[in-house]
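Coordinate inspection notes
Now for the letters of each chain:
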Amino acid sequence: MKRLILAAVAAAALTAPAMAQQTYKFAIVPKAMNNPYFDLSRDGCIKRAKELGNIECIYKGPVEHEPASQAQIIQDLISQKVDGIAISVSDAAAAVRVIKAARDAGIPVITFDADAPNSARQAHVGTDNRAMGRALGEELLRLRPEGGKYAMVSGGPAAANLKERVEGVRDALKGSKWTEASGSPTYCNDDLALAVQQMQDLKTANPDLAAIVPVGGWPMFVPEAYKSFVNKNKAAMDQNKFTLVVADTLKVQLELLRDGYANALVGQRPYEMGEKAMDILLQLKKGEKVQDIVYAGIDRVTKDNVASMLK
């Protein structure tokens with residue numbers, strides 16, 4: 001009897017550390033892996049996973065902005081039986097089915113950056129996009145209170161977060177002397193070169209265009225093409241006749257702002273989103289309650305504080 005007890009104690013001692021070291025596989029699925037904005041969410045995810053010690057961060061998404069490809073990748077992750085999934089949703093309506101499939105398979109699902117509020121997702125970590133849009137509009141109004149004609153460049157037309165930013169810009173400029181140009185916003189579907197081309201097309205179609213507000217950082221993520229566009233309009237910028245207020249604050253964007261290639265930036269915090277996504281998925285895996293929405297905050301950057309942001 002004594003031997004049996006000792007054996008049971010020894011077995012428990014061997015099993016406990018193994019259980020404590022159980023590793024969870026949490027996947028973070030961006031809209032597009034060729035968008036450097038999402039690299040920051042990946043880095044935050046990896047850093048937080050290492051800190052927690054028992055989490056593996058899997059970063060996997062479509063190379064380009066393709067909602068169907070994103071859905072297939074999520075389906076593959078379900079088949080691989082990952083322990084949790086965080087998705088930046090490309091198409092809110094299309095995501096409902098695949099998110100339900102993951103939940104039906106017992107996999108916790110949250111969204112980050114771009115939400116699907118009518119889906120079975122359990123939480124969202126991201127930006128108050130309406131407030132971010134208002135901040136973009138407010139920066140334009142602060143820089144050019146006299147108004148004029150403006151246009152916006154957006155990403156995917158089905159992305160709920162981008163729709164909210166567009167409406168936020170309009171909220172801020174409502175009742176001002178700013179009027180939105182016909183054909184605004186354009187939709188680049190996260191195609192970086194196309195975003196720059198659309199800026200040029202907007203300027204060509206509206207020679208009196210006084211401002212462009214990209215509600216995501218796409219055009220600045222291809223700096224040489226972006227600078228080529230700005231250089232064609234540099235004289236107007238220097239005379240305060242053409243203004244660029246752009247979303248996001250990646251390092252390349254801060255450098256472009258510092259060098260006079262933009263007037264203001266309003267940035268999200270994708271790195272923190274990646275970190276928080278790991279915390280929330282772990283809570284859900286443990287059966288804990290979580291907040292429905294967690295906001296990571298925004299940053300406003302102008303020539304006055306860009307140096308401190310670059311440190």
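Heads up: the structure comes first, above all this text.
About the criteria used
- Residues numbered from 1 in each chain as written.
- Predicted model: local features only at pLDDT ≥ 70, side-chain atom pairs only at ≥ 80, totals over all residues.
- Heavy atoms only, no water.
- Helix = DSSP H or I, 4+ residues; strand = E, 2+ residues; numbered from the N terminus.
- Contact = heavy atoms within 4.5 Å.
- Polar contact = N/O pair within 3.5 Å; in protein donor to acceptor, adjacent residues only side chain to side chain.
- Pairing = 2+ DSSP bridges.
- Axes fitted to C-alpha atoms, helices over the stretch in contact; angles between N-to-C directions.
- Parallel < 35°, antiparallel > 145°, perpendicular 65-115°, else oblique.
- Left-handed = near helix turned anticlockwise from the far one by under 90°.
- Nonpolar A, V, L, I, M, F, W, Y, C, P; charged D, E, K, R; others polar.

Further remarks concern the environment of Lys285. Note that Lys285 resides in helix α11 (residues 270-285). Discounting residues that sit within four places of it in the chain, Lys285 has contacts with Tyr24, Phe26, Asp83 and Pro108. For Lys285, the side chain forms a polar contact with the side chain of Asp83, separated by 3.4 Å.

This next bit is on the sheet that holds strand β2 (residues 55-59). In spatial order, the strands read β2-β1-β3-β4-β5-β12; together these six strands make up an open sheet with parallel pairing. Bordering the open sheet on either side are β2 and β12 (293-295), each of which pairs with just one other strand. Across the sheet, the axes of successive neighbouring strands diverge by a mean angle of 20 degrees, strand direction being ignored. As paired elements, strand β1 (residues 24-29) and β2 share five bridges and run parallel to each other. Counted as the bridge partner of Tyr24 is Ile55 from β2. Sheet strands in contact with helix α2 (residues 36-52) are β1, β2 and β4 (109-112), and its direction is about 165 degrees off that of β2.

Running from N to C, helix α7 (residues 192-205) and helix α8 (residues 223-232) cross one another at 15 degrees; their axes reach a closest spacing of 9 Å. Looking at the two axes, α7 sits roughly parallel to α8. Where α7 crosses over α8, the two elements pack in a sense that is left-handed. Counted together, Val196, Met199, Gln200 and Lys203 of α7 and Ala225, Tyr226, Phe229 and Lys232 of α8 form the full contact between these two elements. Residue composition of the contact of α7 with α8, grouped by class: five nonpolar, one polar and two charged.

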